[in-house]
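Structural features, examined
Read off the chains here:
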Amino acid sequence: MKSILLTMFDGLFNTKVGLALGGGAAKGVAHIGVLKALADAEVKVDYLAGTSVGSMVAALFAFGVDLDEIDKLARRLTLAKITTLRFTKTGLFATDSIHDLIVEHLGDVNIEDALIPLAIVATDITTGRPVILREGSLAQAVCASSAIPGIYSPVVIDGQTLVDGGLVQNVPLAPLKEMGAGVTIASHLSSVDQYPTPTHVLDVARNAFEIAVSENTRNQVAKADILLAMNLSQFSFRDNTDRYDELYSIGYDTCKAKIGTLRWYHRGNLLLYMWRALRQLAPFKVPELFTRL
C-alpha cells in the first residue's frame with residue numbers, strides 16, 4: 001500500500017513525454033510526420049527510444065538535426081542505399097552504409113551525448129533478450145538495432161552479438177518509463193496483420209519478421225498512454241520514394257488527431273494517476289475501456 005501511494009505521488013506532476021519510434025524499414029518516413037505534428041503543436045519530446053528505422057530517426061532528432069534536414073535526407077534514402085553487399089556466414093549484407101550515414105551527419109558521437117535522452121534497442125541473438133543501449137557509439141548502436149537476422153550480419157558490441165531490436169521490442173516503450181517519462185507515445189508502423197505482396201527476397205524476409213513479432217508487439221503497445229497506430233500495409237519495406245508525401249502525411253495526421261488526448265493528459269494528470277492507483281488497489285476488474293487510461 002505504502003509503495004503504491006508513493007509511486008502515485010511521485011508521478012502526479014510528471015508530464016514528461018517519452019516517444020517510442022518502432023521498426024518498419026522504409027515505412028519509417030511516417031515517424032518524421034509524427035515528429036513534425038508534435039513540433040507544430042509545441043509538444044516537447046523529453047525522451048526518445050527507437051528500434052530499427054526508428055532508431056535512425058530518433059538518433060537524428062535526439063542530436064538536434066532539424067526536421068527539415070531529416071526530411072531532405074529521408075527523401076533520398078532507400079533500403080538499397082543503406083545496404084552494403086557482403087556475403088558472410090551470418091548475413092548477406094553488412095550495416096556499413098548505415099554506420100557511414102550516421103557518422104556523416106552526426107559525427108562519431110556517443111549515445112549519452114544526445115541533446116534528448118536516447119535509448120536504442122537491439123536483441124542479443126545468443127540469449128534472445130533485449131539490450132537497451134544508452135551509452136557508447138551511436139553509429140554502432142543504430143547498426144545493431146537495424147540488423148535484420150539472416151539479412152544483415154550481426155553487430156558485436158561489448159562482447160554481445162546483436163541484431164534487430166524488433167525481435168523483442170519493435171516499439172520500444174519499456175525504456176521510456178525507466179528514463180523518467182510520465183506519458184508515453186508509441187509510433188507503431190505495423191498495426192494491422194496485413195503485409196505488402198512481396199516482389200523481392202527482402203520483402204519476403206521482412207514480412208516473415210513482422211509476422212513473427214506481431215503478437216508480442218500488440219501486447220507491448222497496449223501499454224502506451226497514446227498509441228499512434230498506422231495501417232501502412234500498402235507501402236513497401238524497401239522503397240517509398242514515390243509515395244513519400246503520402247506516407248509522411250499519414251504519420252502527421254495520425255499524430256495530429258491524438259494531440260487532444262495528449263493535452264488531456266497534461267490537464268488531467270492528477271486524476272489520471274489517482275485512477276491508475278485505484279486500479280492497482282481495487283479488488284475487482286475495471287472495464288477494458290478504462291484500462292487504456
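Cut-offs and rules
Residues numbered from 1 in each chain as written. Predicted model: local features only at pLDDT ≥ 70, side-chain atom pairs only at ≥ 80, totals over all residues. Heavy atoms only, no water. Helix = DSSP H or I, 4+ residues; strand = E, 2+ residues; numbered from the N terminus. Buried < 20%, exposed > 50% of the residue type's maximum accessible area, 1.4 Å probe, protein only. Areas by Shrake-Rupley, 256 points an atom, 1.4 Å probe, with all protein chains shown as cover. Contact = heavy atoms within 4.5 Å. 1 Å grid on protein atoms, 1.4 Å probe; cavity = no way out; pocket = protein on both sides within 12 Å on 5 of 7 lines; lining within 4 Å. Points joined across faces, edges and corners; volume = space filled by probe spheres on them. Salt bridge = Lys/Arg side-chain N within 4 Å of Asp/Glu carboxyl O. pLDDT = per-residue confidence, 0-100. Core = buried A, V, L, I, M, F, W, Y, C linked by side-chain atoms within 4.5 Å. Patch = residues over 30% accessible without salt bridge, like charges linked within 9 Å, V, L, I, M, F, W, Y side chains within 5 Å. Lys, Arg positive; Asp, Glu negative; His and termini not counted. Charge placed at Lys NZ, Arg CZ, Asp CG, Glu CD. Phe/Tyr/Trp six-rings, centres within 6.5 Å; stacked < 30°, edge-to-face > 60°. Lys NZ or Arg CZ within 6 Å of the ring centre and 35° of its normal. Polar contact = N/O pair within 3.5 Å; in protein donor to acceptor, adjacent residues only side chain to side chain. Pairing = 2+ DSSP bridges.

Attention now goes to the overall build of the chain. Of the regular secondary structure elements, the chain holds twelve helices and ten strands. For the chain, the proportion of its 293 residues judged to be buried stands at 55%. Counting only carbon and sulfur atoms, one obtains 56% of the accessible surface of the chain, whose full area is about 13700 Å².

Tracing the backbone shows Asn170 in the loop between helix H7 (166-169) and helix H8 (174-179). With residues up to four places along the chain from it excluded, the contact list for Asn170 reads Gly22, Gly23, Thr51, Gly165, Arg206, Glu210, Val213, Thr217 and Gln220.

A word on the layout of surface pockets. Its boundaries defined by the atoms lining it, the second largest pocket holds a volume of some 150 Å³. Lining the second largest pocket, in full, are Leu35, Lys36, Leu38, Ala39, Val43, Val45, Phe61, Asp66, Leu67 and Asp68. Where the lining of the second largest pocket is concerned, the elements lending two or more residues are helix H2 (29-40) and helix H4 (67-76). A per-element tally of the lining of the second largest pocket places H2 first, with four residues.

In this structure the tally under the stated criterion is seven salt bridges. We note a salt bridge from Asp40 to Lys36, for which the minimum N-O separation is 3.3 Å. Here the residue Asp40 and the residue Lys36 both occupy positions in helix H2, the gap between them amounting to four residues, near one helical turn. What makes Asp40 partly exposed here is its relative accessible area of 42%. Under the relative-accessibility criterion, Lys36 is labelled partly exposed at 28%. With its nearest N and O atoms 3.0 Å apart, the salt bridge here joins Arg75 to Asp71.

By secondary structure assignment, the location of Asp124 is in strand E5 (residues 118-124). The sequence separation of Asp124 and Pro154 amounts to 30 residues, and the corresponding C-alpha distance is 9.3 Å. Not counting the four nearest positions on each side in its chain, Asp124 is found in contact with Arg129, Val131, Gln160, Thr161 and Leu162.

Next up on the list: the confidence of the model for the chain. Confidence in the prediction for the chain averages 84 pLDDT; 81% of positions are at 70 or higher. Low confidence marks residues 284-293, where pLDDT is under 50. Its contacts with residues over four positions away, or in another chain, come to 18 contacts.

Our focus in this paragraph is the nonpolar core. Across soluble globular proteins, you tend to see nonpolar side chains buried next to one another. Membership of the largest hydrophobic core comes to 64 residues, with the highest contact counts inside it found for Leu19, Leu38, Leu48, Leu118, Leu133 and Leu138. Per-element tally for this core: the top contributor is helix H3 (residues 53-62), with eight residues. Counting residues in hydrophobic clusters, the runner-up holds 13 residues, among them Ala20, Val171, Leu173 and Met179.

With respect to the helices, strands and loops of the structure, Ile226 is situated in strand E10 (residues 226-229). The spacing of Ile226 and Val183 is 43 residues in sequence and 7.9 Å in space, taken between C-alpha atoms.

Residues Glu112, Asp113, Glu135 and Asp158 make up a contiguous surface patch of negative charge. Within the secondary structure, Glu112 sits in the loop between helix H5 (96-106) and E5. For Glu112, a relative accessible area of 42% corresponds to the partly exposed category.

The next point concerns the packing of aromatic side chains. This model, assessed by the stated rule, comprises two aromatic pairs. Ring geometry for Phe93 against Tyr152: centres 6.2 Å apart, planes inclined by 55 degrees, an arrangement best described as tilted. Of this pair, Phe93 sits in strand E4 (residues 91-94) while Tyr152 sits in the loop between helix H6 (138-146) and strand E7 (155-157), placing them 59 residues apart in sequence. On the accessibility criterion, Tyr152 (3% relative accessible area) is buried. Above the plane of the ring of Phe237 lies Lys27, whose end atom (NZ or CZ) is 4.3 Å from the centre.

Summarising burial for H6: eight of the nine residues are buried, a large majority. The opening residue of H6 is Ser137, an N-cap whose side-chain oxygen sits 3.2 Å from the backbone nitrogen of Gln140.

A separate point is the pairing of E5. With respect to burial, E5 is a largely interior element, seven of its seven residues being buried. A two-sided burial pattern is seen for E5, the buried positions comprising Leu118, Ile120, Ala122 and Asp124 on one face and Ala119, Val121 and Thr123 on the other. Relative to E5, strand E2 (residues 47-51) is paired through four bridges, and the arrangement is parallel. By the bridge assignment for E5, Ala49 is matched with Ala119. Where E5 hands over to strand E6 (residues 130-133), the hairpin turn is made up of five residues, of which Gly128 adopts a positive phi near 75 degrees. Taken together, the three bridges between E5 and strand E8 (residues 160-164) define a ladder with antiparallel strand orientation. Bridge assignment links Ala122 to a residue of E8, and that residue is Asp164.

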